[in-house]
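Descriptive analysis of the structure
Spelled out from the first residue to the last, the chains are:
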Amino acid sequence: MTETITVHELAKISRQLILWNQHPAGSYVACPLFSHYGFSWLRDGSFIAYAMDIAGEKDSAGRFYEWVRRVLDRQKDRVEQLLHKHANGETIAQHEFLHTRYHLDGRDDDHSEWGHFQLDGYGAWLWGVAEHWKRTGIDELPESFRSSVELTIRYLCAFWKQPNFDCWEERNDQIHPSTLACIYGGLSSIHRFVHMPEIADVVNDIRLFLLEHCIHPEKKYFVKSIRPAADSNSYDIGFEGVDASLMWLAQPFQVFGVDHAIMNATLAELEARLKSADGGVRRYVGDEYYGGGEWILLTAWYGWIDYSAGQYEQAAESLQWIARQADAWGRLPEQVFHSLASKDTYEQWVHRWGTPATPLLWSHAMYLVLYSQLYG
């Protein structure tokens, strides 16, 4: 840590780090110095591109969305086969679905055992590209994007209720409200550009599904995950506690406002269980990845929520906390270990993979998002 980097200097460093680590093809590497993260995720990348848009680097954001468009255009036959199987009631194995991350040049990541079946990135991409078009004054769907956008919409409308890995690449037998938030946000945002009748129906169904199945029966907050029950007609709670990614239900996807009773209770539970006395935010209780430390991007999200609720001083405190986590070069890690749940587990991960990923572009991106809220 260093005390010499100001919040303004860190914003400049963050923007430059992201630009330096954008592949010529347009993709953003998740972390250039952490071998397991040497790929581009649609989810992380869409939030990074959003941050670049609001930081004034619209060309950078546009190049990322174009990269995803090319990736998806190459996946057309694969998606059509999946939709055909789905329409015929055929079983689809999880490895058959689209991947969550790709090589920086757009190739499939076919040779790793990563938790690939994740739907959140495809929803986030629809949301991100729609935001990009609005910010750049585009009022109609660009014809070059028609095939990839409509394909993604059909894919999400068909499989939104399918159990898949969450945003942390865990619990692939469950359904996650944060994933549903990404899908909801993507379909809601893209609807102004694509008038497919199924969009409105699925958006409405997702919101009703969350209210009917994803609330703790006693404490009345949104839970981290649910799983299909044995009778296939109902759902059981998969994880009773909250996950910090539940903030996505409010920001940026606006499934529920921060003043909605269930959302408000969720945020209160999150603060009580996941925010440390130091000010950082952890993922969830029982997290074992690097001992369950405090995540930079989640702390920025918490500040974003505070700002949207008019709690400007608290939002500024989150920004300052993040700035204190930067190293001497202004690089932000994925997580820090000030309030670890398990020091032994942290050491095991360090022995296995090395120290936590630094610099994590998603951390820098979310810092830029919160910074833009406070400083314009």
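Here the structure is a predicted model, which is why all the values come from computation and not from measurement. Numbering of residues begins from 1 in every chain and follows the order in which that chain's sequence is written. For this predicted model, a pLDDT threshold of at least 70 governs which residues receive local features, and a threshold of 80 or more governs which side-chain atom pairs are given and counted, while totals over whole chains, interfaces and linings are taken from all residues. Based on all heavy atoms of the structure, the side-chain values leave hydrogens and waters out of the count.

Let's talk about the overall build of the protein
Helix and strand assignments follow DSSP, with helices taken as H or I runs no shorter than four residues and strands as E runs no shorter than two, numbered in order from the N terminus. A count of helical and extended segments in the protein gives 13 helices and seven strands. Expected size for 376 residues packed as a compact globule is a radius of gyration near 21 Å; at 20 Å, the protein falls within 12% of this value. Seen through its principal axes, the protein has C-alpha atoms that stretch 60 × 50 × 45 Å. The cut-offs for exposure are 20% and 50% of the maximum accessible area for each residue type, with area from a 1.4 Å probe on protein chains only; residues under the lower value are buried, those over the upper are exposed, and the others partly exposed. A buried classification covers 58% of the 376 residues belonging to the protein. Taking as baseline every contact in the protein between residues at least 6 positions apart, the subset at least 24 positions apart corresponds to 70%. Note that accessible areas follow from Shrake-Rupley with a 1.4 Å probe, and for residues the cover is restricted to the protein chains shown. Accessible surface computed for the protein: about 15,300 Å², of which carbon and sulfur atoms make up 46%. In this tally, Asp and Glu contribute negative charge and Lys and Arg positive charge; neither His nor the terminal groups of the chain are included. For the purpose of locating charges, the reference atoms are NZ of Lys, CZ of Arg, CG of Asp and CD of Glu. Charge centroids of the protein, computed over 33 positive and 50 negative side chains, lie 2 Å from each other. Only C-alpha atoms enter the radius of gyration, while the globule expectation follows 2.2 Å times N to the 0.38, with N the number of residues. Should any heavy atoms of two residues lie within 4.5 Å, those residues are counted as being in contact.

Brief notes about unusual backbone geometry
At the junction of Gln 251 and Pro 252, the peptide bond is cis and its omega measures out at 5° in the coordinates. The residue Pro 252 is located in the loop between β4 (235-239) and α9 (261-274) in this model. The residue after Thr 358, namely Pro 359, is reached through a cis peptide bond having omega -5°. Residue placement: Pro 359 occurs in the loop between α12 (343-353) and α13 (361-375). One non-glycine residue, Glu 169, adopts positive backbone phi at about 65°. Along the chain, Glu 169 turns up in the loop between α6 (146-159) and α7 (177-190). Even without being a glycine, Tyr 290 presents a positive backbone phi close to 50°. Relative to the helices and strands, Tyr 290 resides in the loop between β5 (281-282) and β6 (294-295).

Quick word on the nonpolar core
For the purposes of this section, nonpolar cores are sets of buried Ala, Val, Leu, Ile, Met, Phe, Trp, Tyr and Cys residues that join through side-chain atoms within 4.5 Å. Residues Tyr 37, Trp 125, Val 149, Ile 153, Tyr 155, Ile 190 and Phe 222 are the most contacted members of the largest nonpolar core, which totals 128 residues. Counting residues per element, this core draws most heavily on α13, at nine residues. If near-sequence neighbours (up to four positions away) are discounted, Phe 222 is found in contact with Leu 210, Leu 211, Cys 214, Ile 215, Val 242, Leu 246, Leu 249, Phe 256, Ile 262, Met 263 and Thr 266.

Comments concerning the side chain of Asp 306
Among the structural elements, Asp 306 can be located in helix α10 (residues 296-308). Salt bridge criterion: a side-chain nitrogen from Lys or Arg within 4 Å of a carboxyl oxygen from Asp or Glu. Although Asp 306 lies buried, it forms no salt bridge, and the closest oppositely charged side chain, Lys 275, sits 5.2 Å away as judged by the N-O distance. Those residues in contact with Asp 306 that lie beyond four places of it in its chain are Gln 311, Gln 314 and Ala 315.

Details of the state of the cysteines
Covalent bonding between the sulfur atoms of two cysteines defines a disulfide. Pairs of cysteine sulfur atoms within 2.5 Å are what we label disulfides. Overall, the coordinates contain zero disulfides when judged by the stated rule. Distance from the sulfur of Cys 31, which forms no disulfide, to the nearest cysteine sulfur (Cys 167) is 18 Å. Cysteine Cys 214 remains unbridged, with the sulfur of Cys 182 as its closest cysteine sulfur at 14 Å.

Quick word on the packing of aromatic side chains
Whether two aromatic rings pair depends on their centres lying within 6.5 Å, for rings of Phe, Tyr and Trp, where Trp uses its six-membered ring; planes under 30 degrees apart make the pair stacked, over 60 edge-to-face, and the rest tilted. Applying the stated criterion across every chain, the model contains 45 aromatic pairs. Consider the rings of Phe 97 and Phe 159, whose centres lie 5.0 Å apart with planes at 85°: the pair is edge-to-face. Taken together, the positions of Phe 97 in the loop between α4 (76-87) and β2 (101-102) and Phe 159 in helix α6 put the pair 62 residues apart, joining distant regions of the chain. Residue Phe 97 shares its accessibility class with Phe 159, and that shared class is buried. Ring centres of Trp 127 and Phe 253 lie 5.3 Å apart, and the angle between their planes is 80°; this geometry places the pair in the edge-to-face category. One end of the pair, Trp 127, is in helix α5 (residues 120-135); the other, Phe 253, is in the loop between β4 and α9, with 126 residues separating them in the sequence. When its relative accessible area of 4% is taken as the criterion, Phe 253 is described as buried.

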